[in-house]
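Each chain, written out:
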Protein chains: 2
Amino acid sequence: MSNYTKIGKAVGARTELHDKLNLTGAEISVNTLEAGSCVPFVHAHKENEEIYFIISGKGKVTVDDEEITLSEGDWIKIAPAGKRQFFASSDSQISYICIQVKAGSLGAYTADDAL
Amino acid sequence: MSNYTKIGKAVGARTELHDKLNLTGAEISVNTLEAGSCVPFVHAHKENEEIYFIISGKGKVTVDDEEITLSEGDWIKIAPAGKRQFFASSDSQISYICIQVKAGSLGAYTADDAL
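Along each chain, residues carry numbers from 1 onward, in the same order as the chain's sequence is written. Working convention: letters from A go to chains and numbers from 1 go to ligands, in the order in which they are written. Reporting in this predicted model follows two pLDDT cut-offs: at least 70 for local features of residues, and 80 or more for side-chain atom pairs to be given and counted; totals over whole chains, interfaces and linings ignore these cut-offs and use all residues. Side-chain metrics rest on all non-hydrogen atoms present in the structure, leaving aside hydrogens and water.

Engineer: So, unusual backbone geometry: which residues are in play, and what are the values?
Structural biologist: At Asp64 of chain A, a position not held by glycine, the phi torsion is positive, near 55°. Labels follow the DSSP assignment, with helices taken as runs of H or I lasting at least four residues and strands as runs of E lasting at least two, numbered in each case from the N terminus. Among the structural elements, Asp64 of chain A can be located in the loop between β4 (48-63) and β5 (66-71).

Laid out in structure tokens, this is it:
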């Protein structure tokens, strides 16, 4: 069996990669919110931390009681307990990646895990 | 303590995010190879799977005995044992994210881990 799985560019409002890429250590989604729209709920997690990367556009995220502006190239890590909601700007879409991993799950990494 | 950590756009040949974002379930790096250049070694991993996202540009990766072309928006997951090496195209740089997670570490996710 091959040691890799490849897919092309994700299109549409939301693409979940776990099954498409046969992931075992993360779920990753690619998301686009149109200008003026938002994720219609606030959520937190039981065990998973999430890392978000802004591919393009701009907007904001609320985490607990704080509002954080976001633009292309930004990264934000949110701990499991953080209550979060994402919003596109009123005049711009926002496209972002969400990487979901189990908090505390990483052991050795980079040079210490390399062969 | 705040439930989030944010940083701005990564610049330069390689930026490692683990310590900058206080990650506990992943290491993530942002990498740029100039046109005609490559990562100067082949590597595999002991425990970690890696997921790569091409932010911009084009190039290729070799995994074991296969050569896979890469361009903006592509995703590739490589299992720990895959022997990999990344190359920029001769006429284009390539910028990519590498997400390193422990294979098999993800438990419940998305709706099943949400609150």
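Don't stop here, the text continues.
Engineer: For the pattern of salt bridges, give the residues involved together with the corresponding values.
Structural biologist: Only one rule defines a salt bridge in this text: a Lys or Arg side-chain nitrogen within 4 Å of an Asp or Glu carboxyl oxygen. Under the criterion given, the structure shown has 16 salt bridges over all chains. Lys6 of chain A is paired through a salt bridge with Asp74 of chain B; the nearest N and O atoms lie 3.4 Å apart. With Lys6 of chain A in strand β1 (residues 4-7) and Asp74 of chain B in the loop between β5 (66-71) and β6 (75-78), the pair connects residues from two separate chains. For every residue, the accessible area (1.4 Å probe, protein chains only) is compared with the maximum for its type, and the residue is labelled buried under 20%, exposed over 50%, or partly exposed between those bounds. The exposure class of Lys6 of chain A is partly exposed, given its relative accessible area of 33%. Assessed through its relative accessible area of 8%, Asp74 of chain B is described here as buried.

Engineer: Explain the confidence of the model for chain A residue by residue, including any values.
Structural biologist: pLDDT runs from 0 to 100 and stands for how confident the predictor is about each residue. Counting all residues, the mean pLDDT for chain A is 97, and 100% of those residues have values of 70 or more. In the model output, the complex is listed with pTM 0.95 alongside ipTM 0.94.

Engineer: Just give me the short version of the relation of the copies chain A and chain B, but keep the residues and values in it.
Structural biologist: Superposition of the copies was done by least squares, using only C-alpha atoms of residues whose pLDDT is at least 70 in both. Turning chain A through 180° and shifting it by 0.0 Å along the axis lays it on chain B, with an RMSD of 0.0 Å. Within this description, the copies of the chain are treated as partners about a two-fold rotation axis. Relative to the rotation axis, the closest C-alpha in chain A is found at Ser105 of chain A, a distance of 3.1 Å. The fraction of interface residues of chain A whose copies in chain B are also interface residues reaches 100%, indicating that both copies meet through the same surface. The contact criterion used throughout is that any non-hydrogen atoms of two residues lie within 4.5 Å.

Engineer: I'd like a description of the side chain of Thr15 of chain B, backed by residues and values.
Structural biologist: All names here are of chain B. Within the element layout of this structure, Thr15 appears in strand β2 (residues 14-16). Each polar contact in these results corresponds to two N or O atoms within 3.5 Å; when the atoms are within protein, one needs to be able to donate a hydrogen and the other to accept it, and residues that are neighboring in sequence are counted only if both atoms are side-chain atoms. A polar side-chain atom of Thr15 sits 3.3 Å from the main-chain carbonyl oxygen of Val11. Look past the residues within four positions of Thr15 in its chain and what remains in contact with it is Ala10, Lys20, Ile28, Ser29 and Val30.

Engineer: Please give an account of the nonpolar core that cites residues and values.
Structural biologist: Core analysis: the largest hydrophobic core is formed by 26 residues, its most contacted members being Ile28 and Trp75 of chain A together with Ile28 and Trp75 of chain B. Elements represented by at least two residues in this core include exactly β3 (27-33), β4 and β8 (94-102) of chain A together with β3 (27-33), β4 (48-63) and β8 (94-102) of chain B. Nine residue types can take part in a nonpolar core, namely buried Ala, Val, Leu, Ile, Met, Phe, Trp, Tyr and Cys, and a core is a set of them joined through side-chain atoms within 4.5 Å.

Engineer: Before we move on, could you go through the interface of chain A and chain B and cite the residues and values that matter?
Structural biologist: Tallying the contact residues gives 67 residues for chain A and 67 residues for chain B. Accessible area, probed at 1.4 Å, shrinks when two parts are joined; the buried area is that loss added up over both. Among the residues of chain A in contact with chain B, Asn3, Tyr4 and Trp75 of chain A are the three that bury the most area, contributing 15% of the side total. Our enumeration of links across chain A and chain B arrives at 46 residue pairs in polar contact (both at pLDDT 80 or more). Counting only elements with at least two residues in the side of chain A that touches chain B, the list comes to β1, β2 (14-16), β3, β4, β5, β6 (75-78) and β8 of chain A.

Engineer: Help me get a handle on the pairing of β3 of chain B, residues and values and all.
Structural biologist: Residue and element names in this part refer to chain B. Taking burial as the measure, the seven residues of β3 include six buried ones, the bulk of the element. By the convention used here, strands pair only if DSSP detects at least 2 bridges between them. The sheet contact formed by β2 and β3 spans three bridges and is antiparallel. In the sheet register, Glu16 faces β3, and the bridge partner there is Ser29. For β3 and β8, the ladder comprises seven bridges, and the chain directions are antiparallel. Residue Leu33 lies in a different strand from β8, and its bridge partner there is Ile94.

Engineer: Report on the side chain of Gln100 of chain B, specifying residues and quantitative values.
Structural biologist: Relative to the helices and strands, Gln100 of chain B resides in strand β8. Under the relative-accessibility criterion, Gln100 of chain B is labelled buried at 3%. Polar side-chain contacts of Gln100 of chain B include one of 2.7 Å to the backbone nitrogen of Thr110 of chain A. Of note is the side chain of Gln100 of chain B, whose polar atom sits 2.9 Å from the side chain of Asn48 of chain B.

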